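Listed below are the residues making up each chain.
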Amino acid sequence: MARKVIVAVLSLLCVMSSIAAADIGIGLSFGATAPLMEVGEEVDGQYSSMLGLGGEVMLDFAYMPVRWFFVGASVGASVYETPYSEGVFWTVPAYVDVTIAPGGRVRFPITISGGAYIEGNGDDIGWGPGARASIGVETDIGNCTVYAKTQAETRFSITDDGIRTFISITPIVFGARMLF
């Protein structure tokens, strides 16, 4: 019994020391967003092309037990106009992020995100689940990590008209994360 207590206490101390040694980061990023297509709604027998241009701003929180792996959450806003939108098309996503960042001083993060969002276009408001994947490059400058990445996003919109699938790409995102 005493051995089990000692092992449990030592395990707890190891976990607590790794949590205390972990970095926590808060970041801000921005980039140009291009909605590529809406899948499933046909226009003249073709998938409707939504090619347009807009912007995105994201705020993220990251818990980094080690420099090459972190988990966190991100929330942001994207706005853009397309040939098929009535005015500005906007989305507000909220994601849980998991990142693996192999490398040394310069790392190459690969992030998979999943969550939900709301969107608006004219009088239509939609919501639904979404997923995002990104790859990039980052490095540390003092207490700050600076990065650039590219990302693709798929959103499943649930509206009164049914479920629609949107695919968008953000060719370049620039950001910085302050480490605490």
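Scroll up to find the structure this text is about.
Residues numbered from 1 in each chain as written. Predicted model: local features only at pLDDT ≥ 70, side-chain atom pairs only at ≥ 80, totals over all residues. Heavy atoms only, no water.

(A) Spotlight on the overall build of the protein chain. In terms of helices and strands, the protein chain carries 1 helix and 10 strands. Going residue by residue from the N terminus, the α and β elements of the protein chain occur as α-β-β-β-β-β-β-β-β-β-β. Relative to its full complement of 180 residues, the protein chain shows a buried share of 38%. Taking as baseline every contact in the protein chain between residues at least 6 positions apart, the subset at least 24 positions apart corresponds to 57%. For the protein chain, the accessible area works out to roughly 10,100 Å², and carbon and sulfur atoms hold 71% of it. (Helix = DSSP H or I, 4+ residues; strand = E, 2+ residues; numbered from the N terminus. Buried < 20%, exposed > 50% of the residue type's maximum accessible area, 1.4 Å probe, protein only. Contact = heavy atoms within 4.5 Å. Areas by Shrake-Rupley, 256 points an atom, 1.4 Å probe, with all protein chains shown as cover.)

(B) Quick peek at the environment of Thr111. Considering the arrangement of structural elements, one finds Thr111 in strand S7 (residues 110–121). Taking the C-alpha atoms as reference points, Thr111 and Ser134, separated by 23 residues in sequence, lie 5.2 Å from one another. Filtering out sequence-adjacent residues up to four positions away, Thr111 remains in contact with Asp97, Val98, Thr99, Arg132, Ala133 and Ser134.

(C) Looking closely at the nonpolar core. Grouped together as the largest cluster of nonpolar side chains are 5 residues: Ala62, Met64, Phe70, Ala101 and Leu179. In contact with Ala101, other than residues within four places in its own chain, are Arg67, Trp68, Phe70, Arg107, Phe108, Pro109 and Glu138. (Core = buried A, V, L, I, M, F, W, Y, C linked by side-chain atoms within 4.5 Å.)

(D) View of the packing of aromatic side chains. Overall, the coordinates contain 4 aromatic pairs when judged by the stated rule. Seen in terms of ring centroids, Phe30 and Phe174 are 6.3 Å apart; in terms of plane orientation they differ by 45°. Their pairing is tilted. Of this pair, Phe30 sits in strand S1 (residues 23–43) while Phe174 sits in strand S10 (residues 162–179), placing them 144 residues apart in sequence. Of the residues examined, Phe174 reaches a relative accessible area of 43% and is grouped as partly exposed. Between the aromatic rings of Tyr80 and Phe89, the centroid separation amounts to 5.5 Å while the plane-to-plane angle is 35°, which identifies the pairing as tilted. On the basis of relative accessible area, Tyr80 is assigned to the buried category, the value being 2%. On the basis of relative accessibility, which here comes to 3%, the residue Phe89 falls in the buried class. An aromatic cluster is defined as three or more aromatic residues linked by ring pairs; in this entry it consists of Tyr80, Phe89 and Phe166. A cation over a ring is seen here: Arg155 above Tyr117, with NZ or CZ 5.5 Å from the ring centre. (Phe/Tyr/Trp six-rings, centres within 6.5 Å; stacked < 30°, edge-to-face > 60°. Lys NZ or Arg CZ within 6 Å of the ring centre and 35° of its normal.)

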